[in-house]
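Spelled out, the chains give:
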Amino acid sequence: MKILVAVKRVVDYAVKIRVKPDKTGVDTQNVKMSMNPFCEIALEEALRIKEAGFAKEVVAVSIGPSQCVDTLRTGLAMGADRGIHVEASYSFLPLTIAKILKSLADVENPGLIFLGKQAIDDDCNQTGQMVAALLGWPQATFASKVVVLDKDKQSATVDREVDEGLETLSVDLPAVITTDLRLNQPRYATLPNIMKAKSKPIKKMTLEDLKVDIKSDIEIVEVTEPPKRKSGVIVSSVDELIYKLKNEAHVV
Amino acid sequence: MMMIHRWRRSGEFVRSACKSLSSLRPEHNSMSPSVSGFVNRYESKGKTFQSNAWNDHNRELDLGRNLGMMQQYKSFGSSSASKVQRNPLFSSLEPKDVSYFKEILGDKHVIEDEERLETANTDWMHKYRGSSKLMLLPKNTEEVSQILKYCDSRSLAVVPQGGNTGLVGGSVPVFDEVIINVGLMNKVLSFDEVSGVLVCEAGCILENLATFLDTKGFVMPLDLGAKGSCHIGGNVSTNAGGLRLIRYGSLHGTVLGLEAVTANGNVLDMLGTLRKDNTGYDLKHLFIGSEGSLGIVTKVSILTQPKMSSVNLAFIACKDFLSCQKLLVEAKRNLGEILSAFEFLDNNSMDLVLNHLDGVRNPVSSSENFYILIETTGSGETYDREKLEAFLLKSLEQGLVSDGVIAQDINQASSFWRIREGITEALQKAGACYKYDLSLPVEEIYNIVNDLRGRLGDLANVMGYGHLGDGLIEPYVYEWTSKHRGSISAEHGLGVMKANEIFYSKSPETVALMVSIKKLLDPKGILNPYKVLPHSFFSP
């Protein structure tokens, strides 16, 4: 079985981001970029499944500008067998990504598609679900516990973190799984693996190759910083507090 | 750094707060490749046996016997009172003095409150405690000048104080010296966004300066663990260094100018902002590293560097110390301008950290004898990465490196640093420790660890770690260091702790000249007495 893992190149989680003055987006010039932490976890899980003997190949895919190759190299250094870079000059919204992944799945025929539950730059939490819908495959999102595969029955058991607690699902393969924080702790990229990664192939593909319609119905109009937190006010009496709650905050 | 970790014996000793200020000052002589480490003593409850070993550097103590006595040493602060006498030529504080200070500073900035004084009288490690009855908080240079002029005329000894984060008892009174804390002088005066020259008052906290510069896209040329509390004036006065020294050099190079007030109240305006200025003797260098004994620094002009976004960190395992040294040479050669840190720790240190800190794991899967942290900082993300990878892969092929990992994001990088910076914290949890802040020629440094291991055997756990990139045991250690041409204080300065030990690292003629300069600039010796230079030169 082949596992396809989608990895996204995002602004590093530890960086203090700033909004561009023209409000078209976040400033990404001279800012450290890394693999989305949730994607790292997804890749780690895929590698563990392969090491357990349930899969033959782990393929990492990234969609975006040429620097995405760096992210793919990280994935290969962690242990992925090969990479696919879908060239795109600007960042797409989840539906477009989902369409691209669907086209890829039609070509590669994986038994599992792993994604991070969301990207830390847009926090959409939509791509995995959309891919599953487009493919007509079952989905298990926010996976938090070991994903157990049953080779004969061609299914997987996934624990999901939901509001009420943990939900255990059994999904038939092929399926889409999105990973949550507590699923695993991703491995480091060791020097021997980095060396091996240099000879692993990264295939370049274009949107034309995949025949994907990238027209989006959504347009980002403006990106602004959240309003600065106003400092609190110390009131001198209970009456003043009630007055403020009534007339200023309008909550009483 | 070398730690000697005593196996814990219940109830017999108290741990000192030997928290890690692991990234502190570099050795003064940055020409010699050397390792620097830490010295620390711990306080012990127990018998009141008092050792003379501190001031008697001629005594060869047998280590086994020495170790037995270690537990019984009192902290130097309390034993110093019996060794160093209060200079009778200094006056004692009188009410008229307090009134005068209140007149020039205002009531609010003359502190007699016992609680605040207790904090100001005690150093960061809780090893030294003075008995000052007065702390002054000047708001500007004129006030500092007036204070010193008055103190000089009255023969009142003073202690200049900044963030009070020093480790050698240099920032707190020994007896009743008046504390002059410059914490209120914390304004940034100017910043030139083209040249990167920052001019600020001495009381600015290092971290605040770093935050200010970050918004402009610049970084301070120094970084240390104490950055949340230490003042730039203190950093300059102690020639602090830390992690970035390997990249940007010492403060002697990055400080372009300073303003200082001498003992008689004279304001020396040496606050240049020029990188090149060959007009006369460059006096600011006297004040940099003088630990407040020649004058109080009130303003600093420092050259800051543009912030570079591409930072890479690798955690490497090496089989032996020789490989570590070779790796250092190759790193400097191959990584050159992008190398920004090179730290090492040995197996014992790694075990200690893994055992005592939570959420820490060995990045390298196998246990090795030595671990190295290599950091690069540059402007080209892909280019830097490729350079580091190529260098490490070559080292792997050549057998210099047995294993290693490269951090893939800032989170992983922080966890690598946590291991290195967590060593002192782990030591604190593990038990009492002796830390030695030594600078030695690189090839010698690990020999002292092995030597001590041989001598101490099972009695103690000896470990080594430090800034490999830049170089009671005590008399034994100092003599060993001196014999191998190292510095007894790589980073922390002499303070009160090593004032009498300077001869281990400097010749008598040099020290005599230092004393002459001190007497010229401060005839009455009121600035930070009992510190830096041997007491014998100044006792009446």
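Residues numbered from 1 in each chain as written. Chains lettered and ligands numbered in written order. Predicted model: local features only at pLDDT ≥ 70, side-chain atom pairs only at ≥ 80, totals over all residues. Heavy atoms only, no water.

(A) Summary view of the overall build of chain A. Secondary structure summary: chain A contains 7 helices and 13 strands in total. Projecting the C-alpha coordinates of chain A onto the three principal axes gives extents of approximately 70 × 40 × 40 Å. Buried positions account for 44% of the 252 residues belonging to chain A. Summed over all atoms, the accessible surface of chain A reaches about 13800 Å², with 53% contributed by carbon and sulfur. (Helix = DSSP H or I, 4+ residues; strand = E, 2+ residues; numbered from the N terminus. Buried < 20%, exposed > 50% of the residue type's maximum accessible area, 1.4 Å probe, protein only. Areas by Shrake-Rupley, 256 points an atom, 1.4 Å probe, with all protein chains shown as cover.)

(B) Region of interest: the overall build of chain B. Tallying secondary structure elements over chain B gives 18 helices and 20 strands in all. Within chain B, the proportion of its 540 residues that are buried is 60%. When the accessible surface of chain B is totalled, it reaches about 21000 Å², and 50% of it is carbon and sulfur.

(C) The sheet that holds strand S11 (residues 267-270) of chain B, seen in detail. Residues and elements named next belong to chain B. Taken together, the 5 strands give an open sheet; going across it, the order is S7-S8-S12-S10-S11, and neighbouring strands pair in antiparallel fashion. Each end of this open sheet is capped by a strand with a single partner; those strands are strand S7 (188-191) and S11. Strand-to-strand, the axes of this sheet are offset by a mean angle of 10 degrees, without reference to chain direction. Relative to strand S12 (residues 296-303), strand S8 (residues 197-201) is paired through 5 bridges, and the arrangement is antiparallel. When the bridges of S12 are listed, Leu 198 appears paired with Ile 302. (Pairing = 2+ DSSP bridges. Axes fitted to C-alpha atoms, helices over the stretch in contact; angles between N-to-C directions.)

(D) Quick peek at the sheet that holds strand S3 (residues 110-111) of chain B. All names here are of chain B. Here we have 4 strands laid out as an open sheet, ordered S3-S4-S6-S5, and mixed in their pairing. Strands with a single pairing partner mark the edges of an open sheet, and in this sheet they are S3 and strand S5 (158-161). Where S5 meets strand S6 (residues 178-181), 4 bridges bridge the pair, whose relative direction is parallel. Across the sheet, residue Val 158 finds its bridge partner in S6, namely Val 178.

(E) Molecular detail of the domain arrangement of chain B. Residue and element names in this part refer to chain B. When cut into domains, chain B gives domain 1 (95-181), domain 2 (188-306) and domain 3 (308-498). Between domain 1 and domain 3, the contact holds 7 residues from the first and 7 residues from the second. For the pair domain 1 and domain 3, the summed buried area comes to about 530 Å², and 75% of that belongs to carbon and sulfur atoms. Per-residue buried area on domain 1 facing domain 3 is highest for Tyr 128, Leu 167 and Val 168; these three make up 77% of the total on that side. (Domains from an automatic or database assignment. Contact = heavy atoms within 4.5 Å. Buried area = accessible area lost by both parts, 1.4 Å probe.)

(F) Geometry of the UniProt feature "domain: FAD-binding PCMH-type" (unreviewed entry) in chain B. The UniProt record marks residues 128-307 of chain B with the feature "domain: FAD-binding PCMH-type" (unreviewed entry), using the residue numbering of this structure. End-to-end, the C-alpha atoms of residues 128-307 of chain B are 38 Å apart, and along that stretch the chain is 24% helix and 23% strand. (UniProt positions renumbered as here; feature names shortened; annotations may be inferred.)

(G) Spotlight on the interface of chain A and chain B. Listed as interface residues are 23 residues of chain A and, on the opposing side, 26 residues of chain B. Taking both partners together, chain A and chain B bury about 2300 Å²; carbon and sulfur atoms supply 55% of that area. Its largest share of buried area at the contact with chain B, chain A owes to Lys 32, Tyr 188 and Leu 191 of chain A, together 37% of the area lost on that side. Where chain A touches chain B, the interface holds 1 salt bridge. Between Glu 389 of chain B and Lys 198 of chain A there is a salt bridge, and its shortest N-O distance comes to 2.9 Å. (Salt bridge = Lys/Arg side-chain N within 4 Å of Asp/Glu carboxyl O.)

(H) Representation of the side chain of Asp 97 of chain B in the model. All names here are of chain B. In this fold, Asp 97 is placed in helix H3 (residues 95-105). A relative accessible area of 0% places Asp 97 in the buried class. Reaching out from Asp 97, the side chain makes a polar contact with the side chain of Arg 154 at a distance of 2.7 Å. Once residues lying within four places of it in the same chain are set aside, the contact partners of Asp 97 are Ser 92, Tyr 150, Arg 154 and Leu 156. (Polar contact = N/O pair within 3.5 Å; in protein donor to acceptor, adjacent residues only side chain to side chain.)

(I) Structural context of the side chain of Thr 190 of chain A. Structurally, Thr 190 of chain A is set in strand S12 (residues 189-190). For Thr 190 of chain A, a relative accessible area of 19% translates into the label buried. For Thr 190 of chain A, the residues in contact, after removing those within four places along its chain, are Asp 403, Gly 404 and Val 405 of chain B.

(J) Just the packing of H3 of chain B against helix H5 (residues 141-154) of chain B, in detail. All names here are of chain B. Packing of H3 against H5 leaves a shortest axis separation of 10 Å and a crossing angle of 165 degrees. As the angle between them shows, H3 and H5 are arranged roughly antiparallel. Where H3 crosses over H5, the handedness of that crossing is right-handed. Together, Lys 96, Asp 97, Tyr 100, Phe 101, Ile 104 and Leu 105 of H3 and Glu 143, Gln 146, Ile 147, Tyr 150, Cys 151 and Arg 154 of H5 make up the contact between the two elements. Per-class residue counts for the contact of H3 with H5 are 7 nonpolar, 1 polar and 4 charged. (Parallel < 35°, antiparallel > 145°, perpendicular 65-115°, else oblique. Left-handed = near helix turned anticlockwise from the far one by under 90°. Nonpolar A, V, L, I, M, F, W, Y, C, P; charged D, E, K, R; others polar.)

(K) Focus on the confidence of the model for chain B. Residue and element names in this part refer to chain B. Summarising the model, chain B shows a mean pLDDT of 78, and 76% of its residues fall at 70 or more. Per-element mean pLDDT across chain B ranges from 28 in helix H1 (residues 63-70) up to 97 in S8. Counting contacts from residues 1-82, a segment whose pLDDT is below 50, to residues more than four positions away or on other chains yields 295 contacts. (pLDDT = per-residue confidence, 0-100.)

(L) Structural view of the UniProt feature "domain: Electron transfer flavoprotein alpha/beta-subunit N-terminal" (unreviewed entry) in chain A. Those residues carrying the UniProt feature "domain: Electron transfer flavoprotein alpha/beta-subunit N-terminal" (unreviewed entry) are residues 23-214 of chain A in this numbering. For residues 23-214 of chain A, the end-to-end C-alpha separation is 23 Å, with 32% helix and 30% strand making up the annotated structure.

(M) How the structure looks around the packing of aromatic side chains. The final tally for this structure, using the stated rule, is 13 aromatic pairs over all chains. Seen in terms of ring centroids, Phe 90 of chain B and Tyr 530 of chain B are 6.3 Å apart; in terms of plane orientation they differ by 85 degrees. Their pairing is edge-to-face. Like Tyr 530 of chain B, Phe 90 of chain B is buried. When the ring of Tyr 100 of chain B is compared with that of Phe 101 of chain B, the centres are 6.1 Å apart and the planes differ by 65 degrees; the resulting orientation is edge-to-face. The class of Tyr 100 of chain B is partly exposed, set by a relative accessible area of 26%. Residue Phe 101 of chain B is classed as buried on the basis of its relative accessible area of 0%. The structure contains a cluster of three or more aromatic residues connected by ring pairs, namely Tyr 188 of chain A together with Phe 315, Tyr 371 and Phe 416 of chain B. (Phe/Tyr/Trp six-rings, centres within 6.5 Å; stacked < 30°, edge-to-face > 60°.)

(N) Region of interest: unusual backbone geometry. All names here are of chain A. Residue Leu 173 is joined to Pro 174 through a cis peptide bond whose omega torsion reads 0 degrees. For Asp 123, which is not a glycine, the phi torsion comes out positive at approximately 50 degrees. Tracing the backbone through its elements, the reader meets Asp 123 in the loop between strand S6 (112-116) and helix H4 (127-135). Its relative accessible area of 48% is what places Asp 123 among the partly exposed residues.

(O) Region of the structure containing the environment of Phe 175 of chain B. Residue and element names in this part refer to chain B. You can see Phe 175 is positioned in the loop between S5 and S6. On the basis of relative accessible area, Phe 175 is assigned to the buried category, the value being 13%. In this structure, the C-alpha to C-alpha distance between Phe 175 and Asn 87, residues 88 residues apart in sequence, is 9.4 Å.

(P) Here's a closer look at the environment of Glu 201 of chain B. Residue and element names in this part refer to chain B. As for its placement among the helices and strands, Glu 201 is situated in strand S8. Separated by 202 residues in the primary sequence, Glu 201 and Asp 403 have C-alpha atoms spaced 47 Å apart. Setting aside residues no more than four positions away along its own chain, Glu 201 makes contact with Lys 139, Met 185, Asn 186, Lys 187, Leu 189, Ile 232, Thr 298 and Lys 299.

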